[in-house]
Amino acid sequence: MLAKRIIPCLDIKDGQTVKGVNFINIKNVGDPVELGALYAEQGADELVFLDITATHEGRKTFVELVKRIAREINIPFTVGGGISELKDADALLSAGADKISINSSAVRNPKLIDELALNFGSQFVVLAIDARGDATGHWTVTVNGGRIPTDKELFSWAKEGENRGAGEILFTSMNHDGTKNGFACNELARLADNLTIPIIASGGAGNMDHFVEVFTKGKADAGLAASIFHFKEIAIPDLKAYLKEKGIVVR
Amino acid sequence: MNIVIIKYNAGNIESVSNALLRLGVQAEITGDHDKIRAADKVIFPGVGEASTTMAFLKKEGLDKLIPSLTQPVLGICLGLQLMCSHSEEGDTPCLGIFEEKVKRFQPEPGMEYVTKVPHMGWNSIAQLKSGIFDTSLEEQYVYFVHSYYAAVGEHTAAVCNYINPFSAALNKDNFYATQFHPEKSGPVGQKILENFLKI
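Procedures and definitions
Residues numbered from 1 in each chain as written. Chains lettered and ligands numbered in written order. Predicted model: local features only at pLDDT ≥ 70, side-chain atom pairs only at ≥ 80, totals over all residues. Core = buried A, V, L, I, M, F, W, Y, C linked by C-beta atoms within 7 Å. Buried ≥ 20, exposed ≤ 12 C-beta atoms within 10 Å, placed from the backbone. Helix = DSSP H or I, 4+ residues; strand = E, 2+ residues; numbered from the N terminus. Contact = placed C-beta atoms within 7 Å. Arc of directions from axis to C-beta. Nonpolar A, V, L, I, M, F, W, Y, C, P; charged D, E, K, R; others polar. UniProt positions renumbered as here; feature names shortened; annotations may be inferred. Pairing = 2+ DSSP bridges. Axes fitted to C-alpha atoms, helices over the stretch in contact; angles between N-to-C directions.

## Looking at the nonpolar core
Residue and element names in this part refer to chain A. Ranked by size, the top nonpolar core spans 143 residues in total, and within it Leu47, Ile169 and Leu188 carry the most contacts. Per-element accounting of this core gives the leading share, 6 residues, to strand S7 (residues 125–133). In this view, Leu47 contacts Ile7, Pro8, Leu10, Gly36, Tyr39, Ala40, Ile73, Ile75 and Phe77; residues no more than four positions away in its chain are not counted.

This is the structure we're talking about:
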């Protein structure tokens, strides 16, 4: 049976792994290649590397980093951040990335999804969506790390992404992100029911039961988290063993 | 050892070469017929679409060369599908090394968790046969990304189950092929590549 995937996410700035507890207090948790290799060895099913560098120099550093990752890491990995046109994606794919994730650039230019899928295949294209729900149950798609609301709504945007050729949806609930109170299971289950492509759940992981919930109640195909892995609050081998014990198929 | 990876218009060839480098083997990526024929082992990787890729192989004469090779050959992903007799993708006649036919997964509505195409992620392989496997690999997980599959047939060397049972690997004489990506399948995939290098 197809296994549920556990995906650590590494934020990269100027070639270094960071995870912002907030934007003022960024803690360095090591070399991305070393950390990625460690996670792979521990049983991570995939890795995501997000480039949060804004500068041109930083971009070049990131492409070089992707080449190193491709040489060292023996599991699939996705890279994202700053991909706004075909040539950005092409550079990352040539460097050895298995998939790319797009977020704000797809909101600004939805045709980018079609172009990427047509040129590289849907399996290369992960549509990342950051959304925030309000009291009425309306989920607004946001960009720039959740700071800027857009006119798009989560469920219709996810469906549009699938129709345009995205191969997976990576949904981050801005309501849950950083809370460690669990994933947005209701919205995730609704996405899973509406779509035929895999859903990666992100935002809110705080303990191992949250992963059990996201794979059962949330019907997610994969669970993504960052700080709980980086700060060793949950070890991946323990998480895999726990999920197995709860009857969830894992590798 | 002289290992050649066949170069053609397919994606992700570098990742196979990277995986071999991790095993201490430098492979040459080439489309040169003489170099391919002279190699100790040949790897035929591939990510792409069947009909355009077959058209490219024909243009380069690789459609005649590949089936005539006598050293161990390993096809990966689309490589496996192109080594079969026919693919539903673009209704494409393929190389015919294996008699098995390639079909598209038909999702079954209402069957939760098994309705998604492509089949993407880690799945387990069983009923292993052929030199690229050993008993330690039975029921181990490997990484798949594909929408088309080779049916189970005479040459099936590993079975995986997704929507229906299909050939996760094929073997006939010196020809080996995996639907999954050993180069992306962690230590299990590494072992399979090592086994292929030892044949």
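## Points about helix H1 (residues 32–42) of chain A
Residue and element names in this part refer to chain A. The complete set of buried residues in H1 reads Pro32, Gly36, Tyr39 and Ala40. The buried residues of H1 all sit within an arc of 100° when viewed along its axis, so they share a single face. Just downstream of H1 lies Gly43, where phi reads positive at about 110°.

## A closer look at the interface of chain A and chain B
In this complex, chain A contributes 20 residues to the contact, which on the side of chain B involves 23 residues. Its residues assigned to classes, the side of chain A that touches chain B shows 9 nonpolar, 5 polar and 6 charged.

## Here we look at the UniProt feature "active site" (unreviewed entry) in chain B
Residue and element names in this part refer to chain B. Per the UniProt record, "active site" (unreviewed entry) is annotated on Cys77, His181 and Glu183. A maximum C-alpha distance of 10.9 Å places the annotated residues, which cover 107 residues in sequence, within one compact spot. Within the fold, Cys77 resides in the loop between strand S4 (73–76) and helix H5 (78–82). Take Cys77: there are 28 C-beta atoms within 10 Å of it, and that puts it in the buried class. The residues touching Cys77, leaving out its near neighbours within four places in the chain, are Pro45, Gly46, Val47, His146, Gln179 and His181. For His181, a count of 24 C-beta atoms within 10 Å translates into the label buried.

## Let's talk about the sheet that holds strand S12 (residues 164–172) of chain B
Residue and element names in this part refer to chain B. As summarised here, the arrangement of the 7 strands in space is S2-S1-S3-S4-S13-S12-S11, forming an open sheet in which the pairing is mixed. Only two strands of the sheet have a single neighbouring strand rather than two, namely strand S2 (28–30) and strand S11 (156–162). Taking the axes of each pair of neighbouring strands and ignoring which way they run, one obtains an average angle of 25° across the sheet. Looking at chain direction, strand S1 (residues 3–6) and strand S3 (residues 41–44) are connected through 3 bridges and run parallel. Across the sheet, the residue bridging to Val4 is Val42, located in S3. Strands in contact with helix H1 (residues 13–22) are S1, S2, S3 and S4; relative to S1, the strand with the most contacts, it is inclined by about 165°.

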